[in-house]
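# Descriptive structure summary
Residues per chain are reported as follows:
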Amino acid sequence: MSTPTTRPRQGILSDDMQSEREELIGLLCKAYWMEIETVMSYLANSINPDGVRAQEIKESLDEDIQEELGHARQFGERIKELYGVIPGSLEFSAEQSYLQPPDHQTDIVHVIKGVIEAETGAIEHYNRVIEFCDDKDLVTQDMVITILRDEEGHKRLFEGFLREFEAEGLA
């Protein structure tokens, strides 16, 4: 009588794909931290700016905070499903210097450009994850494609804000 296995014999959860699974968990942990750091920066940039022109940007960032936090949760849940461990705060290392609050709280263009850079970085990383998942993990790939669409939408929105400031000679 054969002994039942605890893991599937094929797919990303199989023992044969342990190495690929560990590499994928590393990519997902990076994505998790990118989202967490973005939440921290968007929170600061949704509170700090001053001025009439800042209001729409602050409101947009306020909405994005919940979406980005949701992305972090999705990445965390997938890490767990892949037999990984969601990292704790001591493993966090900040990288988003471009999203730090500007020297002048009325410098909305700085905030807009920082958001565009953050979204561009997320888009690039998520495309790498999607490519990595080809023929390995369609579940993760599908999840990241959905998140990628959100990030592309955020970038496009803030590019529109920037074009408006440029058209008015303010950027």
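Residues numbered from 1 in each chain as written. Predicted model: local features only at pLDDT ≥ 70, side-chain atom pairs only at ≥ 80, totals over all residues. Heavy atoms only, no water.

### A look at the packing of helix H3 (residues 108-133) against helix H4 (residues 138-167)
For any two helices packed against each other, the geometry comes down to the angle between their axes and how far apart the axes lie. The contact between H3 and H4 brings their axes to 8 Å, and the two run at 155 degrees. Overall, the two elements H3 and H4 adopt an arrangement that is roughly antiparallel. Taken as a pair, H3 and H4 cross one another with a handedness that is left-handed. Considered class by class, the residues forming the contact of H3 with H4 number 19 nonpolar, five polar and six charged. (Axes fitted to C-alpha atoms, helices over the stretch in contact; angles between N-to-C directions. Helix = DSSP H or I, 4+ residues; strand = E, 2+ residues; numbered from the N terminus. Parallel < 35°, antiparallel > 145°, perpendicular 65-115°, else oblique. Left-handed = near helix turned anticlockwise from the far one by under 90°. Nonpolar A, V, L, I, M, F, W, Y, C, P; charged D, E, K, R; others polar.)

### Re the pattern of salt bridges
Scanning all chains against the criterion turns up six salt bridges. Asp 137 is paired through a salt bridge with Arg 78; the nearest N and O atoms lie 3.0 Å apart. Within this pair, whereas Asp 137 is found in the loop between H3 and H4, its partner Arg 78 is found in helix H2 (residues 54-81), the two being separated by 59 residues in sequence. Here Asp 137 matches Arg 78 in class, with each residue buried. The partner of Glu 159 in a salt bridge is Lys 155, and the shortest N-O contact between them spans 3.6 Å. Taken as a pair, Glu 159 and Lys 155 lie in helix H4 at a separation of four residues, close to a single helical turn. (Salt bridge = Lys/Arg side-chain N within 4 Å of Asp/Glu carboxyl O. Buried < 20%, exposed > 50% of the residue type's maximum accessible area, 1.4 Å probe, protein only.)

### Points about the environment of Asp 62
You can see Asp 62 is positioned in helix H2. Overall, Asp 62 belongs to the partly exposed group, its relative accessible area being 47%. Taking C-alpha positions, Asp 62 is 12 Å from His 154, a pair spaced 92 residues apart along the chain.

Taken by themselves, the reported measurements are silent on function.
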